[in-house]
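The chain contents come next:
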Amino acid sequence: MRRLGVLSLALLATLFVVTINTHAQSTMTRHVRDLNRNGRLQAMGHLPLNHMMTLNIVLPLRDQAGLKNMLSEIYNPDSPSYRHFLTVPEFTARFGPTQAEYDEVVLFAKMNGFTIIGGSRDGMDVQIKGPVSAVEAAFHVSMGTYKHPTEARTFYSPDREPTTYLPFKLWHISGLDNFSLPHPMLVKRSAHAKANGIEAESVVSHATTGSGPSTSFLSSDMRAAYYGGTDLTGAGQNLGVLEYFGTDLDDVNTYFNNAGQTNNVPITLLSTDGTSTSCLHTPAGGNCDDTEQTLDITQAIGMAPGLSSLVVYIGSTDTAIISAMTTHDPLPTTISCSWGWTPVDPDTLDPYFQKMAVQGQSFFAASGDNSTWASGNEPWPADDAYVTSVGGTDLITAGPAGPWQSETAWVYSGGGISPDAIAIPSWQQLPGVINANNGGSTTLRNGPDVSANADFTFYTCANQTDCLANQFGGTSFGAPIWAGYIALVNQQLANNGSSPIGFINPTIYSQNVTSSYDPDFHDITSGTSGSFSAVPGYDLVTGWGSPNTGLINALTGSTTQTPAFTLSGSPAAVSVTTGSNGASTITTTVSGGFNSTVALAASGVPAGVTVGFSPASIAAPGSGTSTVTFAVSSTTAPGTYSITITGTDGNLTQTATVSLIVTATAPARFNISASPTAITVARRASGSAAITTAVTGSFNSAITLSASGQGNAQTVTFSPSSIAAPGSGTSTMTVKVGRNASIGNHTITIKATGGGKTQTAAVTLNVTR
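Note that the coordinates shown come from a computational prediction; the quantities given were computed from them, not determined experimentally.

Each value, and the rule that gives it
Residues numbered from 1 in each chain as written. Predicted model: local features only at pLDDT ≥ 70, side-chain atom pairs only at ≥ 80, totals over all residues. Heavy atoms only, no water. Helix = DSSP H or I, 4+ residues; strand = E, 2+ residues; numbered from the N terminus. Rg over C-alpha atoms; globule rule 2.2 N^0.38 Å. Contact = heavy atoms within 4.5 Å. Areas by Shrake-Rupley, 256 points an atom, 1.4 Å probe, with all protein chains shown as cover. Lys, Arg positive; Asp, Glu negative; His and termini not counted. Charge placed at Lys NZ, Arg CZ, Asp CG, Glu CD. Axes fitted to C-alpha atoms, helices over the stretch in contact; angles between N-to-C directions. Parallel < 35°, antiparallel > 145°, perpendicular 65-115°, else oblique. Left-handed = near helix turned anticlockwise from the far one by under 90°. Disulfide = S-S within 2.5 Å. Buried < 20%, exposed > 50% of the residue type's maximum accessible area, 1.4 Å probe, protein only. Phe/Tyr/Trp six-rings, centres within 6.5 Å; stacked < 30°, edge-to-face > 60°. Salt bridge = Lys/Arg side-chain N within 4 Å of Asp/Glu carboxyl O. Pairing = 2+ DSSP bridges. 1 Å grid on protein atoms, 1.4 Å probe; cavity = no way out; pocket = protein on both sides within 12 Å on 5 of 7 lines; lining within 4 Å. Points joined across faces, edges and corners; volume = space filled by probe spheres on them. Nonpolar A, V, L, I, M, F, W, Y, C, P; charged D, E, K, R; others polar.

1. As for the overall build of the protein chain
- The helix and strand tally for the protein chain stands at 16 helices and 47 strands.
- In terms of overall dimensions, the protein chain is globule-like: its C-alpha atoms have a radius of gyration of 30 Å, near the 27 Å expected for 769 residues.
- Taken along its principal axes, the extent of the C-alpha atoms in the protein chain is 100 × 70 × 60 Å.
- For the protein chain, the share of sequence-separated contacts (at least 6 apart) that also reach a separation of at least 24 residues comes to 73%.
- Just so you have it, the protein chain exposes about 30700 Å², and 52% of that area is on carbon and sulfur atoms.
- Distance between charge centres in the protein chain, computed from 31 positive and 48 negative side chains, equals 21 Å.

Rendered as structure tokens:
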């Protein structure tokens, strides 16, 4: 085997040499910060050569000009391509790396001593792990350590731009520096007051109109204020939230329990690069704080309580997280990001943001909580030209769970002119958007685009200890509120038989320079944050404002709702072993006065699988659930099958997809283990160990236990002497050591026999005087 491995590696090396480029290729984005580039920071040391690093290699787009042209067509209402979005495979085939290019990068990484730990061609990335020595050799850099100019820590960075001998340029290599640590766009009232030397009560007044404890706002209050209806719940929609740390879903449950509400949205914690999905609150768990993660989840669900799924995308590198968001199945069509960080190159994520726009995905980023944007007050990614930036307001409702009453600019709302010098997008160049009144730039990106409540008026739960009222605020709340709101828009569009809204900025800017502005948005006209003030129309504190009652109709082209229904499956993926059954709940949701019986059927069913519905149809008016059961025979081939569930009333037809994952039945067998595996016993004394058996597959038999090798002076007994069928259990093995036992180690072999099978375990007996 060793010789074969050497020969295989040699063959790979030969293949790699054939395709290697003789000239070093630079990357298409920057990796060295100006502080390092201009010599203002001197290296303090060098990262240890054996220090392990996790990097993400991002491949470039193909046909960048073609992609930008497609973007302009997809968001042009007069184009025949209007909202004709691409699927993930379609995007890869047209704009992603070729299979040969992707394979070339994978081979390059392996030949340079890296382990491939993730990534995909669809995601345009290869995730790798390896020591600093491999990083320096592969990318021709030196990994130095430096004193951070504004924080009490050191950071690492390459001393020069990375290069490779690949036959093409890479787009970016994430993870080469840790100068900027991501931070949530979240503010605690007491911490803010302490930092500014003021009393907490003087920051802002408490909320007086919420339905939570101490009249704080619940997430359901935001739904009542900004939507106010009941028909749209986000049914059939998939929402994603971006997080840099894991979370504890018990905090989400605590929030809804304390609010007297029930969460019906399936929540999935997805690690995009191996980052832990947990957030432990014990002393051994470190300083993990899941306030941000929990509020993102609860605010999105509060606005869209009928979502088909909410996936928390967790990672340590931005490209790994965003890449997963552009490829995951089901694809999240509306996304919230409440974190900010400072990239070396602000163009780094543009290929992914452009991909999202072409795939019909909406991305909302919190604009920050430190007032006017500046180089030392970095808003990114909120100032990127392909995301929707969400600012902050101070909301008052007519009462608990009541409608919108008034709103002013939040005094700490982030906004202004892009400090990353991002060029002004075409939709901000429309006449009437930038003017002398709002003081915006006519050459650079302005922000935010929209806004929502961000004052210290929310109810939050976190860390299994802290449920607080009126303590936290920030544009962190606005991003998931808007992501949830767009799920309602997308549901209405689906009801209308239309594609999702996608990137909303081209649409809202063109609509808001017309007379339709007032019914679509609450125009925030009072309040100041930093250098800018809220003014009529667009401004650099609250953007166009918060959603008004007419916005959903404006974005969906609806004046009245068309009778319709939607179909969804939960869970959306069912795993079944051959010879057994699995089930999913199919839910129908009606809107627009729909009133009819919905008949259910399934297609795409593989050989050996029988599908049944109970009931077979949903009675009029058409809202309800049915359990679909998959009976998988022993002859069904293992694999993943997309089962299409179809619902029809004779006129309208809707579908949902349930993934059936068929796995082979585990072999009928059992395992045996001992704990501890070594015991020390003095002469004339006794010791014990727990002997545990665990069965797999269809094994079902009693298991008898015996021992050998203990020596003539020892006696071994088991209690019980056998494990009853089906064979999983624990027996205590007691070893009594005789007075004349030999001093030293004895290996006791425990033999377990049952169902025609035998397994053994060993316990080392150390006899002492």
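2. Some remarks on the packing of helix α9 (residues 249-258) against helix α10 (residues 291-303)
- One way to put it is that α9 packs onto α10 with a least axis distance of 9 Å and a crossing angle of 45°. Regarding the angle of α9 to α10, the classification is oblique. The chirality of how α9 crosses α10 is right-handed. Where α9 abuts α10, its residues L249, D251, V252, Y255 and F256 lie against T294, I297, T298, Q299 and I301.

3. A few points about the state of the cysteines
- Evaluated as defined, the whole model comprises two disulfides.
- Each disulfide pairs two cysteine sulfurs, and for C279 the partner residue is C288, the sulfurs being separated by 1.9 Å. Around the S-S axis, the bridge from C279 to C288 shows a dihedral of about -120° and counts as left-handed.
- We note that C337 lacks a disulfide partner, and the nearest cysteine sulfur, in C288, lies 17 Å from it.
- With a relative accessible area of 0%, C337 lands in the buried category.

4. Notes on the packing of aromatic side chains
- Tallied over the full model, the rule gives 29 aromatic pairs.
- On the numbers, 4.9 Å between centres and 85° between planes, the contact of F155 with F179 is edge-to-face. Of this pair, F155 sits in strand β7 (residues 154-158) while F179 sits in the loop between β9 (172-174) and β10 (183-184), and the two are 24 residues apart along the sequence.
- Given a relative accessible area of 1%, F155 falls into the buried group.
- Both rings, one in Y517 and one in F521, keep their centres 6.3 Å apart while their planes meet at 40°; by these two values the pair is tilted.

5. Looking at the pattern of salt bridges
- Enumeration over the complete set of coordinates arrives at six salt bridges.
- Here R37 ties to D34 by a salt bridge, and the two come within 3.9 Å at their closest N and O atoms. Residue R37 and its partner D34 are located together in helix α2 (residues 34-37), separated by three residues, close to a single helical turn.
- Close ionic contact of E151 with R153 constitutes a salt bridge, the shortest N to O distance being 2.6 Å.
- When salt bridges with common partners are traced through the structure, they connect D34, R37 and E161 into a single cluster.

6. Quick word on the side chain of E292
- One can find E292 in helix α10.
- Despite its burial, E292 pairs with no opposite charge, the nearest such side chain being K188 at 14 Å.
- With sequence-adjacent residues up to four places away left out, E292 is seen in contact with P184, M185, L186, E243, S338, W339 and S476.

7. Some words on the sheet that holds strand β44 (residues 722-723)
- Overall, mixed pairing links the five strands, which are arranged β40-β47-β46-β42-β44 in an open sheet. Unpaired on one side and paired on the other, β40 (678-682) and β44 mark the two borders of the sheet.
- Note that β40 and strand β47 (residues 757-768) share five bridges and pair parallel. For T680, the partnering residue across the bridge sits in β47 and is N766.

8. Some thoughts on the pairing of strand β23 (residues 459-462)
- Across the two faces of β23 the burial is the same, with Y459 and C461 and T460 and A462 all buried.
- Two strands pair when backbone bridges link them, and β23 and strand β24 (residues 466-469) are joined in this way by four bridges, in the antiparallel orientation. Opposite C461, over in β24, you have C467 as the bridge partner.
- Counting the residues that bridge the hairpin from β23 to β24 gives three residues, and of these N463 lies at a positive phi of roughly 60°.

9. Here's the deal with empty space enclosed by the protein
- Considering all chains together, one arrives at two cavities of 30 Å³ or more under this definition.
- Considered as a void within the structure, the largest cavity measures approximately 40 Å³ in volume.
- Forming the boundary of the largest cavity are F353, M356, A357, Q361, S362, F363, Y386 and F503.
- Breaking the lining of the largest cavity down by element, the ones donating at least two residues are α12 (350-358) and β17 (362-366).
- The residue makeup of the lining of the largest cavity, split by class, is six nonpolar, two polar and no charged.
- Estimated volume of the second largest cavity: approximately 30 Å³.

10. Considering the environment of A690
- Examined against the element boundaries, A690 turns out to sit in strand β41 (residues 686-696).
- The spatial distance from the C-alpha of A690 to the C-alpha of P676 is 7.1 Å, given a sequence separation of 14 residues.

11. Some details on the sheet that holds strand β43 (residues 714-719)
- Here four strands make up an open sheet; going across it, the order is β39-β41-β45-β43 and the pairing antiparallel. The sheet is open, and its two edges are formed by β39 (669-675) and β43, each paired on a single side. Across this sheet, the average inter-strand angle for adjacent strands is 25°, counted without regard to direction.
- Direction of pairing for β39 relative to β41: antiparallel, over a ladder of seven bridges.

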